[in-house]
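Coordinate analysis (summary)
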Amino acid sequence: MSRRKQARRSASRKRGCGSSPSSSPSFEVDRRDFVKIGIGALASLGLGETILLAPGETAAAETKPVQQVAPKTPHDYARAKRTPSVCLNCSTVCGIVGYVIDGRVVKLAGNPADPNNGQTICAKGQSGVSINVYPERLVYPLRRVGRRGEGLWKRVGWDEAYAELAERIGKCLGEGVPEQVAIHYGRSRISDVIERFMNAIGSPVILNHRALCSLNKRAANYASIGDADWETVDAERTKYLLNFGSNFYEAHQGHIHFLKRVIRGRFDNGAKLVTFDVRLSNTAGRSDEWLAPFPGTEGAVALAMARTMIDAGEFDAEFLTKWTNYRPDQLKRFLKPYTPAWAERTSGVAARDIERIALEFARCRPACAAFTNRGSHAHYNGLNNDRAVILLNALAGSIGQPGGYCYGEGERIDPLHFPPPEPSPPKLKTRTDLEDPPEYPLANLWQKMKVGELAYDYLQRKRALLQVYLTYTLGSPTTWPEGRSLAVAVLKDERLIPFHACSDVVYSETAHYADLILPDATYLERWGLDTRNSYEFRPYVALRQPLTPPPAECVSFADVLIQVARRLGGDAAKYFSFEDHEEYVRHQCRNVPPGDCADGFEYLKKHGVWIDPRRPLSRGAFARPLTRAQLEDAKTDDATGVISRAGANGKAEPIGVWVDGQALQGFKTPSRKFEILSSTVAEQSAKVGVEDDGLPHYVPVPAHENLPADRFVLTTFKWNVHTQARTAPQKYLSEIVHDNPLWINAATARRLGIRSGDLVEVTTYRPKGNTYRATGEKLGSARIRAFVTEGIHPRVLAASNSLGQLFGGRAATATNGPRSAGPGYDEQLVAEDPELESLVWWDRREHGRGAGYNLNAILPIQPAPVTGMQCWFDTVCSVRKV
Ligand code: SF4
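I will try to describe carefully the structure that is included in this document. Predicted model, so just to flag it, every value in this text is computed and none were measured. (Residues numbered from 1 in each chain as written. Predicted model: local features only at pLDDT ≥ 70, side-chain atom pairs only at ≥ 80, totals over all residues. Heavy atoms only, no water.)

**Some remarks on the packing of helix H12 (residues 340-347) against helix H13 (residues 351-363)**
Keep this limit in mind: Throughout, an axis means a line fitted to C-alpha atoms (over the contacting stretch in the case of helices), and angles, computed between N-to-C directions, take values from 0 to 180 degrees. Note on conventions: DSSP H or I runs of at least 4 residues are helices, E runs of at least 2 residues are strands, and numbering of each starts at the N terminus. Roughly parallel refers to an angle under 35 degrees, roughly antiparallel to one over 145, roughly perpendicular to one between 65 and 115, and oblique to any angle outside these ranges. Crossings are classed by handedness, with left-handed meaning an anticlockwise turn of the near helix from the far one by less than a right angle and right-handed meaning a clockwise turn. Here, residues are in contact when the closest pair of their heavy atoms is within 4.5 Å. Under this grouping Gly is polar, as are all residues other than the nonpolar Ala, Val, Leu, Ile, Met, Phe, Trp, Tyr, Cys and Pro and the charged Asp, Glu, Lys and Arg.
Here H12 crosses H13 at 120°, and the two axes come no closer than 8 Å. The orientation of H12 relative to H13 falls into the category oblique. Relative to H13, H12 is oriented so that their crossing is right-handed. Of the residues in H13, those touching H12 at Pro340, Ala341, Ala343 and Glu344 are Ala351, Ile354 and Glu355. Taken together, the residues that form the contact of H12 with H13 break down as 5 nonpolar, no polar and 2 charged.

Laid out in C-alpha cells, this is it:
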C-alpha cells in the first residue's frame, strides 16, 4: 500500500468515516506507520517525517467522560514580571500589561498609560493568556508532501523553508515578473514591513481585507471630510448619539475605547442613545430606543431626518454656509423628495419617529453625533447611506465640537516621526488588476482598500497570474463569501496558484491549502508599533513587544520577510540590512524622547505608549489657522478661496481655505470644505459608467426591490467574544459562544411553522444590479438550527459569523478528547492542556451543540458599485423547516 493510501485509510479509520458523529469508533494506530496523524503529533514530528491533517482530525478517538480538573491555585502576582504591549485579539489594539510568571503569561490587563482603553480590556483581550500555550499551535515549518489540500505534511527546517521562498520569489524577479508574487493578509499590523518587502522586490500585489470590512465607511468619510478612515465621536461629552448600524457594545474598530466613553456620556452626562439596526444586538438592547429599518434603507431615514431639520429650521446655518460646499437653499431643494412619509414607506420606520428623533438630535446641537458602522454601509448603496448620516452632523454643526462628531489626525505610524531604517525602497508606481481593479475606482483612491473578495475570481479568470502566493493571518476559506467554494477551488488549483506559503499560529483552513506552512509568533510574542484614532484627540504610539519569546521554531512573519529578503540578495537585501524586526522597530523609535529611560525605544518598552504633548488637540483641526510659514509662497484661487502651495513633487497642493478673512486649514477635500456635493465621487463613478451627480442620494438595493413574500434578507453579525477566524481556537471564548443559530422573527416563524430548535434550510441567491454575477440565481443551501425571537426585523434572518470552523483545534471544532491518538507528545515544545482533553463540553458527542455553522459558505460575492465593498447584508434568501 502506498504511504498516501495508508495515511488516508488510517485517517478514515480514526475519524470513523461513515459513522454518525456521536459514534465512538475504536481503532489502533499502527505505531510503525511512517505517517503520523493528528495535530498533537505535530509536537513530536521529526525532521523529514510526515503527518496527515484533515478536517475533524482533532477529533478524539473515543468519547471520554468529562473529568474533574484539579482546582487552580491563585497566581502570586507579586512575582510576576509586568510588560506593557498591545492586544490584537481584535482591531481595537488596546494597550495591555502582561503578567509573566516562570516564563508563562498568566494574566493580561489594560495598560493605564494607554489614552484610549486605560485599564479596561474585554473578554477577548483577557483570553490572550491561552494563545501562547495553545497545545495545537504550529511549532515548526511543514512542507506539503501529498496533493494540495490532502493534509499530508513533512517537517522541514527553516533553512529549507527560507531557501524555497527565496528561490521561488527570485525566479519571478529573474523572469521580470515581480508582480507574480503576492502577499495577502488579514489583520496584520505589520503592513509597513510587508510594503517595504514588496517595494524592495518590485511587486505592488499586496491584498488586504478592507473591502470585506470597512471600505464604504472609510470612503464616505473621505468623500465628506477628506480625512479620517474612522470618526472619533466625542461620546463622553455628548448629549445625543444617533447610531446607524454600529454594534459597538460588541465589535467596533474602537470597541472598548468608544464604549467606555459612551457609558460615561450616557450615565454621567445624560446622553440619549438611539440605535437603528435590523437586529436587537447587544448595543440595540442597551440603547434608549431601538428601531429596525429594512436592511440598506438607513440612508433614506437619514435623508428624511435631514429634511426634517431643514424644514423646522433646526440646523446650524452658519456651519452650513461657511464650511460646506452646498448652500442651504440648494440643500433644501436636494432634500425635497425625501419626506418622512417617503422614508417610512421605504424603510418601515414610522415617519413620526423619524421626525421626532431628528428634532431631538438637532436640539442637542452641537453636542450630538450621528455615526455608522457595517450595518449601514455593507450594502450596495452603503457609500451614500453613510454620507447621508454624516450630513446630519454638518447640519447640526457638530463636526469637531465637544460632544460632537469628531475625527483624529495622524492616526498612522507616520514615517516622518517614526523613520524606518535607511535606505528605504522607492514606492512603486506600477499596478495590476488584482490589487487595483479598474471597475472599482474608489477602492484605492484615498487608501489602499483593494477589492479582496474578487481576488480569487480574478485568478480563476486569469485576469492576474501568480507564481508565489504568501498568506498571513488570512482566513479566506472560513470568513469570506463563497470561501468554501471559490476560495478553496482556487487555493487547491496548482495551475492558478503554483506555490502557496502560509504563516499562521494554528493549522487553519488557509494553511490546509498551502505548500509550505510557516509557524507564526502570536501577537504576544512579537514586535511592532501600533496606534488608533485617539479618543482624547492627541495622537499616540504604542509598542507591541514580546511578553515571552516564541516557542519551538515559531517566527514572526516580519522576521520571515527580513530573512527571505537577505537570501534574495541584491536590491532586496540592501533594504533589509538590520538584524531583525526588533532592530527595525528600535530604529523607528529613535525620535521618541527618552523621558526617564536611556532612549525612546527603552521608553516605549517601559511605558508601552508615547503621547506627543506638543501636538495640538486634533478635534476641530479644520478650523485651525494656517501658520505664517505655511502661507509663505502660498497661492489662493480667487473663485474658491482654496490656498495651495507647491508640494515635494513641485505640484500645487491645497493646504487650506479662506473663511471670513482667515486662512484656515479646512477639511482635506478638494474644496477644503465639508463636501455635501462630491465631485470626486461623481467623476470616479462616471469613469465606470455609474450615474452619480455627487450628492448622497438614496439608491435602492436592486436585489431588494419587489422582494417576494417568501424571500428574506440574510445578515450576519459578531459576538463580543469572537473575531472572525481568530478566536474560535481560544477555549475560554468558544466555551462562552460556540453556537450560532439562525435568528427568525416570531411572526415570520409562526407563518412558516418554525419553532426555536427546529432545523431549517436556508437557500441563498446571487445579487442583482451592477455587481459581480448579478443573476439572481440560486447559490447554495445550508441547514441550521432556528432561534425564534422578537428581536429581529420580520424580513431579516441573521446568524453570527466566526464559527463553524473545520480546523483550529479542539476548542474551535468542538472535539473533546486527547490531542491525538498518535505517538506521544514532546511536552518540552507545547504541553497538553488537560481542559481541552476533558472539558470541551460543547462537543456533540457529549450532547453539546457543536462548533456552530459557517454561513459565509453560502453568501455570494457582491462588491458595491464604484467602491467594491462586499455587500454582506444584501443577500436574498429563502427558508424552510426541514
Ligand atoms: S477590544 Fe480588542 S484589542 Fe481591546 S482588549 Fe478586547 S480584543 Fe483586545
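**Side note on the packing of aromatic side chains**
Rules: The criterion for an aromatic pair is that two Phe, Tyr or Trp rings (for Trp, the six-membered ring) have centres within 6.5 Å, with stacked assigned to planes under 30 degrees apart, edge-to-face to planes over 60 apart and tilted to the rest. Any residue under 20% of the maximum accessible area for its type is buried, any over 50% is exposed, and the rest in between are partly exposed; the area is computed with a 1.4 Å probe on protein chains only.
Evaluation of the coordinates by the stated rule reveals 34 aromatic pairs. Relative to phenylalanine 276, the ring of phenylalanine 244 lies with its centre 4.7 Å away and its plane at 5°, an arrangement referred to as stacked. Of this pair, phenylalanine 244 sits in strand E10 (residues 240-244) while phenylalanine 276 is found in strand E11 (residues 272-276), placing the two residues 32 residues apart along the sequence. With relative accessibility at 1%, the residue phenylalanine 276 sits in the buried group. Taken together, a centroid distance of 5.1 Å and an interplanar angle of 80° make the contact between phenylalanine 717 and tryptophan 719 edge-to-face. Taking the relative accessible area as the measure of exposure, phenylalanine 717 reaches 8% and is therefore buried.

**Some details on the nonpolar core**
Quick note on the threshold: Remark: nonpolar core denotes a set of buried residues (Ala, Val, Leu, Ile, Met, Phe, Trp, Tyr, Cys) joined through side-chain atoms within 4.5 Å.
Leu242, Phe276, Met305, Leu331, Leu392, Tyr456 and Leu742 are the most contacted members of the largest nonpolar core, which has 134 residues in total. When sequence neighbours within four positions are dropped, the list of residues in contact with phenylalanine 276 reads Leu242, Asn243, Phe244, Gly245, Leu291, Pro293, Val301, Met305, Val349 and Ile357.

**Structural notes on the sheet that holds strand E26 (residues 759-765)**
Rules: Pairing between strands is defined by DSSP: at least two bridges between them are needed.
Spatial ordering of the closed barrel is given by E24-E28-E25-E27-E26-E29, a layout of 6 strands whose pairing is mixed. The average angle at which neighbouring strand axes cross in this sheet is 45°, direction not considered. Taken together, the 7 bridges between E26 and strand E27 (residues 778-789) define a ladder with antiparallel strand orientation. Looking across to E27, one finds that valine 760 is bridged to isoleucine 784.

**Here we look at the pairing of E11**
Stated precisely, the cut-off is as follows: Handedness of a crossover: with both strands directed away from the viewer, a clockwise path from the first strand across the helix to the second marks it as right-handed.
With 5 of its 5 residues buried, E11 lies for the most part within the structure. What you see with E11 is no split at all: Lys272, Val274 and Phe276 on one side and Leu273 and Thr275 on the other are buried throughout. Sheet topology note: the E10/E11 ladder contains 5 bridges and is parallel. The residue of E11 that forms the bridge with leucine 241 is leucine 273. Handedness of the E10-helix H7 (residues 255-269)-E11 crossover: right-handed. Here E11 pairs with strand E12 (residues 289-291) via 3 bridges, running parallel. By the bridge assignment, threonine 275 is partnered in E12 with tryptophan 290.

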